Amino acid sequence: MVYLMVHVSNRVMLGILIALAVLGAIVYAISLPEVTVEKTGLWLKPFLDYIEKEYDPKWISETNIGQYPSEAHVSNAPWISYNKSYCASTCLQMVAYKYDIREPVEYFNFLMSFTYGASMEVFNSFAFFIPGSDPLPGFKQASKYLGLHYHFLVTGDKKLFLDMCKYLVSQDKPVILPVDAGKLYNLTYPAPHFVLLVGYRGEKFYIYEPVLREEKFSLDEEGVEFSKEAIVEAARVFNEVFHLPWKYSLIYFTKAGRPVKDLKPLLRKNGELQVGFKYFIICTGAKAIETLANYTAQGKINLEEQMFGIHLAMVSRFDNAKFLKTRFSDNKLVVEVASKLEEAAKIYEQILELMRNGITPHEREQIVNLLFQAAKCEEDAGKLLIKASLHE
């Protein structure tokens, strides 16, 4: 069963879903030349433009679906899972392994920019802190470095969706499915999630779950069995909550060439995400953490509802630091980045300890100061990453 590290209320998780969608649209909108609030319908058209450009969706056609047998299972793809909320990057890790790319999950977090940067959105009394980036464009970004072709297929037709899933699996292609784990696992709250579809038999589907209480690496397992109705409903709700212009979606990859070894362009990209910016109600990167601190000090948010984001920030910064320190061990600037991220992670750890049994006024004051310290560490890490990208 899916294992969520921290209990998340309905309101918070739904807010996270909406926040990720809105954030991407605004980031895209303000990157356009001569954009002003007066000149653009900021909340709809930029969102649609963003998903068209960054997700690169292709509509499923019946002519693209060949015949498939009554049952099939993907070969040479391992079942990998962690007790961390790295569902998207872990799915990519499983796919990459099939194509003989053996790398730790932190490598895929880096390629996807999945655990770099942050966002903070405030809607009236609701506040949502997310220590990472939209994973769907991350799949596309990572594919270029993995030597893979990225395919994002969408449809409003249930039968086409199911037929394409079965056809791809029958062609020995694992399929990454964006789903609502709330529907899939009968949780009491919505939970955006990614799973890897690896097999089917008649009306049953088999998936590899990437987030489990115990870590897992296993070859030749059938996977967790679900009815086709459960898969369809979980896929539909994911797209419905994000207000995407389709009902069902799937991702798969095909071999394109050799992996790219030069990761320097991603140093700059991830550095910019770390530094972030502030634009109306949206704050990203270090600015997001500063905003979290300010709103906590002003008593405008319920800090306890941000525990999921703070916990994920702690875990991901420790892991990012470990990856950068080992992968770029000969780059002094990047090693310094790792130290800054470790420092931030330890600060988040202190905050979580202060929040463990409720928060007194004095503890709230301590948390505010710690958040400002963490923001400084995150910003310094970002600036150093950008600087490192400019040096040979």
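Not measured: the values here are computed from a predicted model.

*Asks:* Any chance you could explain the overall build of the chain here in plain terms?
*Replies:* For the chain, the count of helices and strands is 13 helices and 14 strands. Considering the chain as a whole, with its 392 residues, one finds that 58% of them fall into the buried category. When contacts within the chain are restricted to residue pairs at least 6 apart in sequence, long-range pairs at least 24 apart make up 73% of them. Of the roughly 16,900 Å² of accessible surface on the chain, a fraction of 52% belongs to carbon and sulfur atoms.

*Asks:* Just to check I follow, could you spell out the pairing of strand 12 (residues 248-255) for this structure?
*Replies:* Regular strands place their side chains on alternate faces of the sheet. Across the eight residues that make up strand 12, a large majority, seven, are buried. Across eight bridges, strand 6 (residues 148-155) lies against strand 12 in antiparallel orientation. Across the sheet, residue F152 finds its bridge partner in strand 12, namely I251.

*Asks:* Any chance you could explain the pattern of salt bridges here in plain terms?
*Replies:* Opposite charge on two side chains allows them to pair when their charged atoms are near. For the coordinates displayed, the defined rule picks out 22 salt bridges. The salt bridge partner of E353 is R356, with a shortest N-O separation of 3.0 Å. One network of salt bridges, with partners in common, ties together E71, R201 and E222.

*Asks:* I tried to follow the side chain of S81 on my own but got confused; where do I start?
*Replies:* Tracing the backbone shows S81 in strand 3 (residues 79-81). Look past the residues within four positions of S81 in its chain and what remains in contact with it is T90, E209, P210, V211, L212, E214, E215 and K216.

*Asks:* I keep staring at the packing of helix 9 (residues 264-275) against helix 10 (residues 285-297) and nothing clicks. Help me out?
*Replies:* Helices that pack against each other are described as a pair by the angle of their axes relative to one another and the distance between those axes. Between helix 9 and helix 10, the least distance of the axes is 3 Å, while the angle of their chain directions is 20 degrees. Between helix 9 and helix 10, the angle is such that the two are roughly parallel. Facing L273, Q274 and V275 of helix 9, the residues of helix 10 in contact are G285, A286 and K287. A breakdown of the residues in the contact of helix 9 with helix 10 according to their chemical character gives three nonpolar, two polar and one charged.

*Asks:* Mind showing me how you'd approach the layout of surface pockets here?
*Replies:* Over the atoms, a rolled probe matching the size of one water molecule traces out where space is still vacant. Put simply, the second largest pocket is a space of about 310 Å³. Lining the second largest pocket we find 15 residues, and of these Y107, V260, K261, L263 and R327 sit closest to its centre. Split into classes, the residues belonging to the lining of the second largest pocket amount to eight nonpolar, one polar and six charged.

*Asks:* Before we go on, may I ask you to explain the environment of V275 in this structure?
*Replies:* Residue placement: V275 occurs in helix 9. What makes V275 buried here is its relative accessible area of 15%. Separated by 106 residues in the primary sequence, V275 and A381 place their C-alpha atoms 7.9 Å from one another. Not counting the four nearest positions on each side in its chain, V275 is found in contact with T284, G285, A286, K287, E379, G382, K383 and I386.

*Asks:* Whenever I open this one, helix 11 (residues 307-327) confuses me. Can you help?
*Replies:* It helps to recall that an α-helix has 3.6 residues per turn; residues three or four apart then point in one direction. Helix length check: helix 11 (21 residues) gives 30 Å between terminal C-alpha atoms against 30 Å at 1.5 Å per residue, within 8%. Counting buried positions along helix 11 gives 15 out of 21 residues, so the element sits mostly inside the fold.

*Asks:* So what exactly am I meant to see when it comes to the packing of aromatic side chains here?
*Replies:* Note on aromatic pairs: each is described by the distance of the centres and the angle between the planes. Summed over all chains, the structure comprises 20 aromatic pairs. With a centroid separation of 5.1 Å and 10 degrees between ring planes, the pair formed by W79 and Y208 is classed as stacked. Here W79 is found in strand 3, whereas its partner Y208 is found in strand 9 (residues 204-208), with 129 residues between them in sequence. The residues W79 and Y208 share a single accessibility class, namely buried. Aromatic pair Y185 and F226: ring centres 5.7 Å apart, planes at 80 degrees, arrangement edge-to-face. Taken as a pair, Y185 in the loop between helix 7 (181-184) and strand 8 (192-201) and F226 in strand 11 (residues 224-227) lie far apart in primary sequence, 41 residues in all. The exposure class assigned to F226 is buried, which follows from its relative accessible area of 10%. Across the ring face of Y97, the terminal group of R102 is positioned such that the distance to the ring centre comes to 3.6 Å.

*Asks:* Any chance you could explain the nonpolar core here in plain terms?
*Replies:* If you look at soluble globular proteins, the nonpolar side chains tend to sit buried side by side. By size, the foremost hydrophobic cluster in this structure holds 131 residues, and its most contacted members are F110, F139, F161, L177, F194, L250 and L324. A total of 12 residues in this core trace back to one element, the largest contributor, which is helix 12 (residues 332-355). Every residue in contact with F161, bar those within four places of it in the chain, is listed here: I60, T155, L177, I231, V232, A235, Y248, S249 and L250.

*Asks:* Is there a simple way to think about unusual backbone geometry in this case?
*Replies:* Despite not being glycine, D56 shows a phi value in the positive range, around 55 degrees. Its relative accessible area of 26% is what places D56 among the partly exposed residues. Look at D220: it is not a glycine, yet its phi comes out positive at around 65 degrees. Overall, D220 belongs to the exposed group, its relative accessible area being 72%.

*Asks:* In this structure, what is going on with the state of the cysteines? I would like to understand it.
*Replies:* Put plainly, a disulfide is one covalent bond tying together the sulfur atoms of two cysteines. Applying the stated criterion to the full structure yields zero disulfides. Not part of a disulfide, C91 finds its nearest cysteine sulfur in C87, a span of 6.6 Å.

*Asks:* Hey, could you run me through the confidence of the model for the chain in this one?
*Replies:* Per-residue confidence for the chain averages 88 on the pLDDT scale, and 87% of its residues sit at or above 70. Contacts for the low-pLDDT stretch residues 1-18, under 50 throughout, to residues beyond four places or in other chains number 50 contacts. Scored below 50 in pLDDT, residues 23-43 makes 30 contacts in the model with residues more than four places away or belonging to other chains.

*Asks:* Would you mind showing me how to read the packing of helix 4 (residues 105-112) against helix 11 here?
*Replies:* Across the interface, helix 4 lies against helix 11 with an axial gap of 9 Å and an inter-helix angle of 95 degrees. Here helix 4 lies roughly perpendicular to helix 11, going by the angle between them. Residues E106, Y107 and F110 of helix 4 lie in contact with helix 11, whose contacting residues are D319, K322, F323, L324 and R327. Looking at side-chain class alone, the contact of helix 4 with helix 11 contains four nonpolar, no polar and four charged residues.

What counts and how
- Residues numbered from 1 in each chain as written.
- Predicted model: local features only at pLDDT ≥ 70, side-chain atom pairs only at ≥ 80, totals over all residues.
- Heavy atoms only, no water.
- Helix = DSSP H or I, 4+ residues; strand = E, 2+ residues; numbered from the N terminus.
- Buried < 20%, exposed > 50% of the residue type's maximum accessible area, 1.4 Å probe, protein only.
- Contact = heavy atoms within 4.5 Å.
- Areas by Shrake-Rupley, 256 points an atom, 1.4 Å probe, with all protein chains shown as cover.
- Pairing = 2+ DSSP bridges.
- Salt bridge = Lys/Arg side-chain N within 4 Å of Asp/Glu carboxyl O.
- Axes fitted to C-alpha atoms, helices over the stretch in contact; angles between N-to-C directions.
- Parallel < 35°, antiparallel > 145°, perpendicular 65-115°, else oblique.
- Nonpolar A, V, L, I, M, F, W, Y, C, P; charged D, E, K, R; others polar.
- 1 Å grid on protein atoms, 1.4 Å probe; cavity = no way out; pocket = protein on both sides within 12 Å on 5 of 7 lines; lining within 4 Å.
- Points joined across faces, edges and corners; volume = space filled by probe spheres on them.
- Expected span 1.5 Å × (residues − 1).
- Phe/Tyr/Trp six-rings, centres within 6.5 Å; stacked < 30°, edge-to-face > 60°.
- Lys NZ or Arg CZ within 6 Å of the ring centre and 35° of its normal.
- Core = buried A, V, L, I, M, F, W, Y, C linked by side-chain atoms within 4.5 Å.
- Disulfide = S-S within 2.5 Å.
- pLDDT = per-residue confidence, 0-100.

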